[in-house]
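Tertiary structure, described
The primary structure of each chain is shown beneath.
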Protein chains: 2
Amino acid sequence: MPVFLNATDADFETAFTALLGAKREDSPDVDDVVAGIIADVRTRGDAALIELTAKFDRLELTPQTLRFSPDEIAELVAQVPAEEREALELAAARIRAYHEKQLPEDAYWTDEAGAGLGWRWTPVSAAGLYVPGGLASYPSSVLMNAIPAKVAGVERLAIVVPTPDGAANPLVLLAAQIAGVDEIYRIGGAQAVAALAYGTETVQPVDKITGPGNAFVAAAKRRVFGKVGIDMIAGPSEILVIADGDANPDWVALDLLSQAEHDESAQSILITDSADFAKAVTAAVERNLETLERRAIAGASWRDFGAVIVVDDLDRAAELSNRVAPEHLELCVADPDALAEKITHAGAIFLGGWTPEAIGDYVGGPNHVLPTARSARFSSGLSVMDFVKRTTLAKMTPAALRAIGPAAETLANSESLQAHGLSVRARLDQLNED
Amino acid sequence: MPVFLNATDADFETAFTALLGAKREDSPDVDDVVAGIIADVRTRGDAALIELTAKFDRLELTPQTLRFSPDEIAELVAQVPAEEREALELAAARIRAYHEKQLPEDAYWTDEAGAGLGWRWTPVSAAGLYVPGGLASYPSSVLMNAIPAKVAGVERLAIVVPTPDGAANPLVLLAAQIAGVDEIYRIGGAQAVAALAYGTETVQPVDKITGPGNAFVAAAKRRVFGKVGIDMIAGPSEILVIADGDANPDWVALDLLSQAEHDESAQSILITDSADFAKAVTAAVERNLETLERRAIAGASWRDFGAVIVVDDLDRAAELSNRVAPEHLELCVADPDALAEKITHAGAIFLGGWTPEAIGDYVGGPNHVLPTARSARFSSGLSVMDFVKRTTLAKMTPAALRAIGPAAETLANSESLQAHGLSVRARLDQLNED
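Residues numbered from 1 in each chain as written. Chains lettered and ligands numbered in written order. Predicted model: local features only at pLDDT ≥ 70, side-chain atom pairs only at ≥ 80, totals over all residues. Heavy atoms only, no water.

Chain A is annotated in an unreviewed UniProt entry as Histidinol dehydrogenase from Thalassovita mangrovi. Turning to chain A, the UniProt record has this under Catalytic activity (unreviewed entry): "L-histidinol + 2 NAD(+) + H2O = L-histidine + 2 NADH + 3 H(+)". Quoted verbatim from the Function (unreviewed entry) heading of the UniProt record, the comment on chain A is "Catalyzes the sequential NAD-dependent oxidations of L-histidinol to L-histidinaldehyde and then to L-histidine." (UniProt positions renumbered as here; feature names shortened; annotations may be inferred.)

Some words on helix α3 (residues 46-57) of chain B
Residue and element names in this part refer to chain B. Its twelve residues give α3 an end-to-end C-alpha distance of 15 Å, which sits within 8% of 16 Å, the value for a rise of 1.5 Å per residue. Buried residues in α3 make contact with α2 (31-44) and α8 (189-198). One or two steps after α3, the chain reaches R58, where phi turns positive at roughly 50°. (Helix = DSSP H or I, 4+ residues; strand = E, 2+ residues; numbered from the N terminus. Expected span 1.5 Å × (residues − 1). Contact = heavy atoms within 4.5 Å.)

So, the UniProt feature "active site" (unreviewed entry) in chain A
Residues and elements named next belong to chain A. UniProt records the feature "active site" (unreviewed entry) at E327 and H328, using the numbering of this structure. Relative to the helices and strands, E327 resides in the loop between α13 (314-324) and β12 (328-332). Look at E327 and you get buried, because its relative accessible area is 6%. Once residues lying within four places of it in the same chain are set aside, the contact partners of E327 are S237, E238, G347, A348, H368, L370, P371 and T372. There is a polar contact of 3.0 Å between the side chain of E327 and the side chain of S237. Note on placement: H328 falls in strand β12. Ignoring any residue separated from it by four or fewer positions in sequence, one finds H328 in contact with S237, E238, I239, L240, Q259, A348, F350, E357, D361 and L370. (Buried < 20%, exposed > 50% of the residue type's maximum accessible area, 1.4 Å probe, protein only. Polar contact = N/O pair within 3.5 Å; in protein donor to acceptor, adjacent residues only side chain to side chain.)

Some remarks on the domain arrangement of chain A
Entries for chain A in the domain assignment read domain 1 (3-25 + 235-364), domain 2 (31-106 + 121-230) and domain 3 (396-433). Using only C-alpha atoms to locate each centre, domain 2 of chain A and domain 3 of chain A end up separated by 49 Å. (Domains from an automatic or database assignment.)

Details of the packing of aromatic side chains
Applying the stated criterion across every chain, the model contains ten aromatic pairs over all chains. Here W119(A) and Y98(B) contribute two aromatic rings whose centre-to-centre distance is 5.7 Å and whose plane-to-plane angle is 75°, an arrangement assigned as edge-to-face. Of the two residues, W119(A) is situated in strand β3 (residues 116-123) and Y98(B) in helix α5 (residues 82-100); the pairing between them involves two chains. Here W119(A) matches Y98(B) in class, with each residue buried. (Phe/Tyr/Trp six-rings, centres within 6.5 Å; stacked < 30°, edge-to-face > 60°.)

Observations regarding the sheet that holds strand β9 (residues 238-243) of chain B
Sheet architecture is open: nine strands sit in the order β2(A)-β3(A)-β14(A)-β13(B)-β12(B)-β9(B)-β10(B)-β11(B)-β1(B), paired in mixed fashion. With partners counted over all chains shown, the strands left at the sheet margins are β2 (107-110) of chain A together with β1 (3-6) of chain B, one partner each. Taking each pair of neighbouring strands and ignoring which way they run, the sheet shows an average axis angle of 15°. Pairing analysis gives four bridges linking strand β10 (residues 267-272) of chain B to strand β11 (residues 307-310) of chain B, with the strands arranged parallel. Residue T272(B) lies in a different strand from β11(B), and its bridge partner there is V310(B). (Pairing = 2+ DSSP bridges. Axes fitted to C-alpha atoms, helices over the stretch in contact; angles between N-to-C directions.)

A closer look at empty space enclosed by the protein
A full pass over the atoms with the stated rule returns three cavities of 30 Å³ or more. In this structure, the largest cavity encloses a volume near 60 Å³. Around the largest cavity, the lining is made up of 14 residues, and of these A348(B), F350(B), G360(B), N367(B) and L370(B) lie nearest the centre. Taken together, the elements giving at least two residues each to the lining of the largest cavity come down to β14 (388-395) of chain A together with β13 (348-351) and α15 (357-362) of chain B. Grouping the constituent residues of the lining of the largest cavity by class yields seven nonpolar, five polar and two charged. Each pocket or cavity is described by its volume, and for the second largest cavity that value is around 40 Å³. In terms of lining, the second largest cavity is formed by A348(A), I349(A), F350(A), G360(A), P366(A), N367(A), T392(B), L393(B) and A394(B). Those elements that provide at least two residues to the lining of the second largest cavity are β13 (348-351) of chain A together with β14 (388-395) of chain B. Each residue belonging to the lining of the second largest cavity can be placed in one class, and the counts come to six nonpolar, three polar and no charged. (1 Å grid on protein atoms, 1.4 Å probe; cavity = no way out; pocket = protein on both sides within 12 Å on 5 of 7 lines; lining within 4 Å. Points joined across faces, edges and corners; volume = space filled by probe spheres on them. Nonpolar A, V, L, I, M, F, W, Y, C, P; charged D, E, K, R; others polar.)

Structural data, given as structure tokens:
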């Protein structure tokens, strides 16, 4: 059974704090194995990739077949039914339109001292996207990672996707094609991350690696961080629904289950100001769990990590939600915009009962790669900003240097950095001579 | 002697690649020690902090003296001479003005389908800033870390700064005061990072930790990453100067030395299209090294990691600089703006001979916390963006859901996520009934 809490109970604070601190995922310690794999790929390049792919994916490759050829891609994507192709294209168009609005602007101005100041944004040159194989091989994730990179202007975008026993997901390849991906390699695991970070004879190295993966992939990304940039290390998915008594309990139940079905470690939380609504949702969850295809997973998640919290009013709901800092937050209330104003920490907000979280997973437009495990307190979902970087600009004139240079010299000397001071002083002396 | 390369030599590519790959820093492996310290602070809180501070900083504290009192701060900052205070205030005002322009804007729009889409930025609630003790205790770094946090709207900003043998740097406290820091603790090392991340009886936990530190601090930041956000792990400083034959060799020499004096692992590189200029700079570096206070450090850096590269033309210089992706890039050429257009990877650009890098360290306005070790390929300097996070917004209407819901349902089913599909279908069915 999920946790049932009433915010007015005497022991609520203790129980809520326990809920916040609950550890939902035990990552196996695979760091030594991963270190060995990375070292192997760095030393032996393609040969190591081929050997490890034979071992883990039961697939014999050659340097020539590491990468999907255009013909292979064309053949696979031709298998995708029209309905799915059209759905992917609609999703891609909407994701692209949303992310194009995120492109940051350059700035340059001259201040009162006469100094030219500003910054310029440039794209990462090459990025790599990890796509899991097998069941968790989601074409929607390909769109969500690849489109922001291409909108940012990344010139070379490579995908690595394991194909256990040679089985490739045509939808993944189609999503890659629609998103404009440049290269697709049939490799996975820590070895694929190592190939992207360090390069091999066949795989050119990239500057940034994003995308979800299992414990080996996560450990490999942590290890190559610094050599390349990485995105966040995502934990199991979460949803928090704030609903009032007029919301539709069946809809809310399905929304809670749509996170729970991802993973036994996923977490679904309902906060409502109506005890009757809480009961109705719980009943609807149980009813749906009887027939749901992934009922084993969703049931375990709901039982182990689900929570239903009854509060006196919606302000209190917002307050508790901010302490959770959920990845996904649905506001199924009469005035969702007003309630949203009170939300300070959340990855994504879905406003009103007509906005199921699943819309955001596929076709809403915003990214579905979002901060998990309460990290919305300090981080954001994936965006165009993850594929650009800022170069700051400064340009002194003689007058500007005369105005602010002496202060720099003073501070340099106070920090015992003499050459810093001298580099300013030499120019100021020249100005005094002129 | 530094490396001398001519870009037209036959073996240039090999030598340049070696320069790019040179490992300048051997971080001692302190991870086990740090893991123990963090566990100790998590378990014993203040008692562990007090014990570790006695051990490492030879300073006896109590829970009451862990934090500087307002009186202590007032007494210390009163010691700062007027000239230094004024210099810090000028620097703070300029840094604040620059960073205020970085505040990102919220967005909300309605698209053709009738869907409301957008995002909202909110500040991190609480941030902690690590300030090294002793020689590397730089008041300028306090300004560069604290001001962006305060501009972002961080409500609670705490500083940790070790005070070995009880010695505090009045300039650091003054910089903190000017920047609006809320709390200052006299603790350092991995134990201070642990206290900020997990909290103790006296130190409330924060959501994000930034600031430079030694190997122990860096290892601790890596370890608490995920529990809290962290900034980049900075490596030794670097400068690359592109200069033409008309630049001032003495100025350029001092600019190269102003990085070299930071650290024996710092790196200073000159690229020029004039062999004569290269010689003149090298001579000026040697001349200045005779009298520089930090000549032992600067000399070692220049000898071990310095490089002088002669190229045929400035386009080639830009190309090589982009491969280095330097932290600091000075363009001491006749038309620095034109050359800057060709730069794709650099932390900060200093345009023209009147802009010594040292201006950027103190009073220019842009941040001096910048990506090192070639990470300007994929990351940016510290900014207001490090202290805010984005919540995406989506709001469907019945019409919008009718338009895009079916595609979401199709994709959910193609990914075998039935509850996702049902959560959309339940609403679409309702619409069909209405």
